[in-house]
Amino acid sequence: MAEVSGPAVPASGSIDRSERPGRVGLLLMLAGLLVGAAVGLSFVANEQAQPLILALLALLAMAGVFFLFALAIGALQLAGPASRDDITRAIVDAAPEGKLVVEDNGRMIYANEAYMRLAGGDSFSNLRSIERIFVGAPEVSEAVYRLAQASRDDRAYAEEIRMSPPPGGAPDRDFAWYRIAVRPIQRHRGSAALWTVSDITHERERQENVFQELQHAIDYLDHAPAGFLSIDAAGSIVYMNATLASWLGYDLATVGSGGLKLLEIAPGADMLTASPGLPGEVRTDRYDIDLRRRNGQPLPTRLYHRVAYGQDGAPGPSRTFVLNRSAGSDADEPQRAAEVRLARFLNNSPIAIATLDRDGRVIRANTSFVRLFAGMPRQPAAEAGRDAPDPMMRDAVLERDRGVIEGALARAANGFGGLDPIEVGLSGPGDRSARVWMSPADSDGTPNPDAEAQAGNDGDRERVILYALDTTAQRQLEQQVAQTQKMDTVGQLAGGIAHDFNNVLQAIIGYSDLLLASHRPTDHAFQDIMQIKQNANRAASLVRQLLAFSRRQTLRPEVMDVGEALSDLTLLLKRLLGERVQLDFRHGREIWPIKADVNQFEQVIVNLAVNARDAMPGGGSLTIRTANCPVDGERPVGIPAGDHVMIEVTDTGEGIPPEVRQKIFEPFFTTKEIGKGTGLGLSTVFGIVNQSGGAIDVQSTVGEGTTFRIYLPRHEPGIEALPEPLPPPRTASGSTKISASEPKSGDDAEAGSAESSKESGSPAVRPPEPPPKPAADHTGQGTVLLVEDEDPVRAVNSRALSARGYTVLEAASGIEALRLIEEHADGIDVVVSDVVMPEMDGPTLLRELRKHMPDLKVIFVSGYAEDAFRKNLPEGEAFNFLPKPFSLKQLVETVKQTMAS
């Protein structure tokens, strides 16, 4: 049954001046009007009034039925809203916090009993506002002002203030803490502000008590007779107690919050942060290490290092307990001192030492062992949050080496000594290796077949001593030495082949020139002879690449700016790379000058760029970056010391697999299809860089790309005098000048030649045709002594010189040449001699000539580089040089210019 109630009555002690409309007054007035109308019409005694009376009664009945139906379904409640208001008001009136509602104009319209007690009034006439209650100290007034400003801005805000004495009269307290909050509320007649005043004195007292207890705990920890510190995953010390700080000589104010790093107090103790853990694991390790005091002196300590790992496997801050093991009043016993010395000896040893049980579980280990096997996986804990079991030694090595480790462990655990060392690969990141020795822990080396039975249930005790030495750097060095020896051997072989091959090509090119001279261009055979000569020149290009790899080609070094040289190559590289490869240059600031052959430097960059292009068939990006690499800067293993300029070529191609990376610099090694390359591109790069005094490093990830870093020595102008600049290569000199617009290699896509660009679809880049020049006069007079041990080469050269008007004396060796010189002492104008000959080589012949004819002009011809034999001549010796193979036109031009000079 619904209860009809009137307006709510405020609880005792609270004041309410808000106006609220009647609940059911309107509904009762409407019913009264309908009833009154019906009664009035009943007094009208005529027939016209009867329908009106019936209509009114019907309307009243319908309203009654609707009212009853609304009550039944809950759509209409007569006493509900008033009951809810009474409940809400009762809750607010009985709240321990003071409540005050203030309209925007400052009119207070409601205050509960708690606020009335605080304000000290019983009616609105003597009710004080917040601003009038909380006055006194400046900080209180400032807080009340900020609250009032927030109320005017219709935003929520809160402050905590201390009142002394407290308002409202509290003789038992000298002060009180209050939390005052204000927030806007919405009403049907506009907005208002609800103020809440809470007495938080007891809460603040509890906080102060907790703070005092925390301060006492920190004081107890700071002045404990043991050290304590906490280290985060980044190696920063986030906490250190005063005891440990005093031991190390540090001011406690400078420690914590990242002010001190672990490696500053424990050099080489990076294993404290590098040890991996499993998700949910709590790991505790013991370390006997020397900490470093601020003055540099060691402090022997024992660390109990506890780390909890999160569910994602990330380590949290450590809890590290530190015991001082240095000698003192309580540590003067000989046994204790000997134990400390032994621990220091073991932990400072560069050899990893550990003891194992019969199953290979690591029981104890020194610092070097923990550092070497930092990537050793641990067995999962039985329950999250529990300490995981000790790691197993078999898990520290690669799977391929686990069998030999377990075999050696079993023999050592059974008392067998004198075991041979084992070379194993280590698990974890990187390609690391170690040499491992094992020996019995409690045996003199005599086998004990009953060791298994004697162990009984004591199988977990230390049975094996393990020694390990990191051999990663040694193995890498051995591989580099082996690779260097291999490349040197291949280079010597390639150089020898190139020299012999040059003699063959020299004869082919020479006789081709003779045939071309005796045929007109309109003859049918003329084009066939031209094909022979062109293919011979193509083979000569391959020979030059072999000479470049074997570091026996002629270089013309000059001081150059790397940035300018690369800028000159921009147009050529863009044409060679095509539209699908984006080229990006990143030049460093103030790059040092280098001294190198500009043409060969350009060849190196072109070869690497074209090789990168072929590794990105679907397109990508090629980045060329330059930077200075000072003598104290980081550099890969194998790069010589000193200041270097680094040129980095990075592509986003397919990458190079590790098994292929070891062979990329070998001549004739290629992964391309038959006919797409000869495999001399990167070998040419290797030879040029090494002959220039530099080094090259390769880093590659399959599927991500490859980076070649070239390190060339910095040129110091004051160290050596610059030689006079060499004239540009003449046609007569025979040196094939490779410009930026014409790559050097003839048919190798890896070498970046114009022909390889044609094969791969890129446009060939050719220099513009020079304007035609008048035919030069190659005829001359004089006597030429031609010294050559190869009969075909000597014959064709002799015919070419004789045809131009020269008198030619032929000699097949150096001894025969000396005899001819004695016979024609005054008639020889120039000597054209090979370098490598039996019985007497070219340099020896020159030294003998200078004894009798110091002014005789000499031209050396050779398939080797000029530098290869210049070191065998006296310093400052003058001669001309013509590298094989050369054309007959180049030969006669060089002879004529040498005789005229």
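Computed from a predicted model, the values in this text were never measured in an experiment.

*Asks:* So what exactly am I meant to see when it comes to the sheet that holds strand β13 (residues 362–365) here?
*Replies:* Strand pairs in the sheet, formed through backbone hydrogen bonds, run parallel or antiparallel to each other. Read across the sheet, five strands follow the order β13-β12-β16-β15-β14 without closing on themselves; strand pairing throughout is antiparallel. What marks the edges here is a single partner per strand, and that holds for β13 and β14 (422–426). Averaged over all pairs of adjacent strands, the angle between their axes in this sheet comes to 35°, without regard to strand direction. Where strand β15 (residues 432–440) and strand β16 (residues 464–470) come together, seven bridges link them in antiparallel fashion.

*Asks:* Explain the environment of Leu248 here, please?
*Replies:* Inspection of the secondary structure puts Leu248 in helix α8 (residues 242–248). Since its relative accessible area comes to 1%, Leu248 is described here as buried. In this structure, the C-alpha to C-alpha distance between Leu248 and Arg294, residues 46 residues apart in sequence, is 5.9 Å. If near-sequence neighbours (up to four positions away) are discounted, Leu248 is found in contact with Met240, Ile265, Leu291, Arg292, Arg293, Arg294 and Leu299.

*Asks:* So what exactly am I meant to see when it comes to the packing of helix α24 (residues 814–823) against helix α25 (residues 842–852) here?
*Replies:* When two helices pack together, you describe them by how their axes are tilted relative to each other and by the distance separating the axes. The contact between α24 and α25 brings their axes to 10 Å, and the two run at 20°. In terms of orientation, α24 lies roughly parallel with respect to α25. Two packed elements cross with a definite hand, and for α24 against α25 that hand is right-handed. Residues Gly814, Ala817, Leu818 and Ile821 of α24 form the contact with α25, whose own contacting residues are Leu845, Glu848 and Leu849. Looking at the contact of α24 with α25, its residues break down into five nonpolar, one polar and one charged.

*Asks:* How do you make sense of the packing of aromatic side chains when you look at a structure like this?
*Replies:* The geometry of two aromatic rings is summed up by the distance between their centres and the angle between their planes. Scanning the entire structure with this criterion turns up four aromatic pairs. When the ring of Phe134 is compared with that of Tyr178, the centres are 5.5 Å apart and the planes differ by 70°; the resulting orientation is edge-to-face. Residue Phe134 is found in the loop between α5 (130–133) and α6 (138–152), and its partner Tyr178 is found in strand β5 (residues 176–187); the two are separated by 44 residues along the sequence. A cation over a ring is seen here: Arg155 above Tyr157, with NZ or CZ 5.8 Å from the ring centre.

*Asks:* I tried to follow the confidence of the model for the protein on my own but got confused; where do I start?
*Replies:* Close inspection of predicted coordinates is inappropriate in any region flagged by low pLDDT. Chain-level statistics for the protein give a pLDDT mean of 76 and a share of 74% at 70 or above. Per-residue pLDDT stays below 50 along residues 1–12; that stretch engages in 15 contacts with residues further than four places along the chain or on separate chains. Below a pLDDT of 50 lies the segment residues 379–387, which in the model reaches 22 contacts outside its immediate sequence neighbourhood of four places, other chains included.

*Asks:* I'm lost on the pattern of salt bridges in this one. Help?
*Replies:* A side chain of one charge can pair with a side chain of the opposite charge when the charged atoms of the two come close. Throughout the structure, instances matching the rule amount to 28 salt bridges. Across the salt bridge formed by Glu648 and Arg709, the nearest N and O atoms sit 2.8 Å from each other. Of the two residues, Glu648 is situated in strand β21 (residues 644–651) and Arg709 in strand β23 (residues 705–713); the sequence distance between them amounts to 61 residues. A residue is classified by how much of its surface remains accessible, and Arg709, at 22% relative accessible area, is partly exposed. Through salt bridges that share partners, Glu160, Arg179, Glu203 and Arg204 make up one connected network.

*Asks:* Just to check I follow, could you spell out the pairing of strand β25 (residues 807–811) for this structure?
*Replies:* Side chains on a regular strand alternate between the two faces of the sheet. Pairing of strand β24 (residues 783–787) with β25 involves five bridges; the strand directions are parallel. Each residue of the ladder has a partner; that of Leu786, found in β25, is Glu810. Assessed by its sense of winding, the connection that carries the chain from β24 through helix α23 (residues 791–803) to β25 is right-handed.

*Asks:* Looking at this structure, how should I read the environment of Ile351?
*Replies:* Inspection of the secondary structure assignment puts Ile351 in the loop between α11 (334–347) and β12 (352–356). The exposure class assigned to Ile351 is partly exposed, which follows from its relative accessible area of 34%. Considering only alpha carbons, one finds Ile351 and Ala468, 117 residues apart in sequence, at a separation of 6.0 Å. Dropping the residues within four chain positions of it, Ile351 is found in contact with Asn366, Ser368, Tyr467, Ala468 and Leu469.

*Asks:* Please explain the packing of helix α19 (residues 598–614) against helix α21 (residues 681–691) as it appears in this structure.
*Replies:* Put simply, α19 and α21 touch, their axes get as near as 9 Å, and they point 150° apart. As for how α19 packs across α21, the hand of that crossing is left-handed. Two secondary-structure elements touch here, α19 through Gln600, Gln603, Val604, Asn607, Leu608 and Asn611 and α21 through Gly681, Leu682, Thr684, Val685, Ile688 and Val689. Of the residues contributing to the contact of α19 with α21, the split by class is six nonpolar, six polar and no charged.

*Asks:* What should I look at first to understand the nonpolar core in this one?
*Replies:* The nonpolar side chains of a soluble globular protein tend to be buried, and buried together. Of all hydrophobic cores here, the largest spans 42 residues; its most connected members are Phe601, Ile647 and Phe708. The leading source of residues in this core is α19, at eight residues. What Phe601 contacts, discounting residues up to four positions off in sequence, is Met560, Val562, Ala565, Leu566, Ile647 and Leu712. Grouped together as the second largest cluster of nonpolar side chains are 26 residues, Ala111, Ile161, Tyr178 and Ala193 included.

*Asks:* Is there a simple way to think about unusual backbone geometry in this case?
*Replies:* Negative phi characterises most residues that are not glycine, and trans characterises most peptide bonds. Cis geometry is found at the peptide bond from Ser164 to Pro165, where omega equals 0°. Looking at the element boundaries, Pro165 is found in the loop between β4 (157–163) and β5. In this structure, Asp154 takes a positive phi of about 55° despite not being glycine. Of note, Asp154 is situated in the loop between α6 and β4. Judged by its relative accessible area of 45%, Asp154 is partly exposed. If you check the backbone angles, Glu590 has positive phi at about 55° while not being a glycine. Along the chain, Glu590 falls in the loop between β18 (581–586) and β19 (594–596).

*Asks:* For this particular structure, what's the right way to read helix α13 (residues 402–413)?
*Replies:* Because each turn of an α-helix spans 3.6 residues, side chains separated by three or four positions in sequence point in the same direction. Relative to the 16 Å expected for twelve residues at 1.5 Å per residue, α13 spans 16 Å between its end C-alpha atoms, a close match to the ideal helical length. Immediately downstream of α13, the backbone of Gly415 shows phi near 95°, a positive value.

*Asks:* Before we go on, may I ask you to explain the sheet that holds β21 in this structure?
*Replies:* A sheet is described by the order of its strands in space; here five strands give the open sequence β18-β20-β21-β23-β22, paired in mixed fashion. Every interior strand has two partners, whereas the edge strands, β18 and β22 (695–701), have only one. Averaged over all pairs of adjacent strands, the angle between strand axes in this sheet comes to 15°, irrespective of strand direction. With respect to the sheet, α21 is in contact with β22 and β23, its orientation differing from that of β22 by roughly 140°.

*Asks:* Even after reading the chapter, I still don't get α6, so can you show me in this structure?
*Replies:* For α6, spanning 15 residues, the distance from its first C-alpha to its last is 21 Å, which sits close to the expected 21 Å at 1.5 Å a residue. When we look at burial in α6, the residues that qualify are Val140, Ala143, Val144, Leu147, Ala148, Ala150 and Ser151. Within α6, the buried residues cover an arc of 160° as seen down the axis, which keeps them to one side. Along α6, exposed side chains directed more than 90 degrees from the buried face belong to Pro138, Glu139, Tyr145 and Arg152. As for α6, its buried residues are in contact with α5, β4, β5 and β6 (190–199). With its phi angle positive at about 55°, Asp154 sits one or two positions after the end of α6.

*Asks:* When you look at the side chain of Asn797 in this model, what are you seeing that I'm missing?
*Replies:* Tracing the chain through its elements places Asn797 in helix α23. Looking at Asn797, the relative accessible area reads 3%, which means it is buried. In this structure Asn797 touches Gln506, Leu786, Phe886, Leu888 and Leu891, once residues within four positions along its chain are discounted.

Conventions used here
- Residues numbered from 1 in each chain as written.
- Predicted model: local features only at pLDDT ≥ 70, side-chain atom pairs only at ≥ 80, totals over all residues.
- Heavy atoms only, no water.
- Pairing = 2+ DSSP bridges.
- Helix = DSSP H or I, 4+ residues; strand = E, 2+ residues; numbered from the N terminus.
- Axes fitted to C-alpha atoms, helices over the stretch in contact; angles between N-to-C directions.
- Buried < 20%, exposed > 50% of the residue type's maximum accessible area, 1.4 Å probe, protein only.
- Contact = heavy atoms within 4.5 Å.
- Parallel < 35°, antiparallel > 145°, perpendicular 65-115°, else oblique.
- Left-handed = near helix turned anticlockwise from the far one by under 90°.
- Nonpolar A, V, L, I, M, F, W, Y, C, P; charged D, E, K, R; others polar.
- Phe/Tyr/Trp six-rings, centres within 6.5 Å; stacked < 30°, edge-to-face > 60°.
- Lys NZ or Arg CZ within 6 Å of the ring centre and 35° of its normal.
- pLDDT = per-residue confidence, 0-100.
- Salt bridge = Lys/Arg side-chain N within 4 Å of Asp/Glu carboxyl O.
- Right-handed = clockwise from strand over helix to strand, strands pointing away.
- Core = buried A, V, L, I, M, F, W, Y, C linked by side-chain atoms within 4.5 Å.
- Expected span 1.5 Å × (residues − 1).
- Arc of directions from axis to C-beta.

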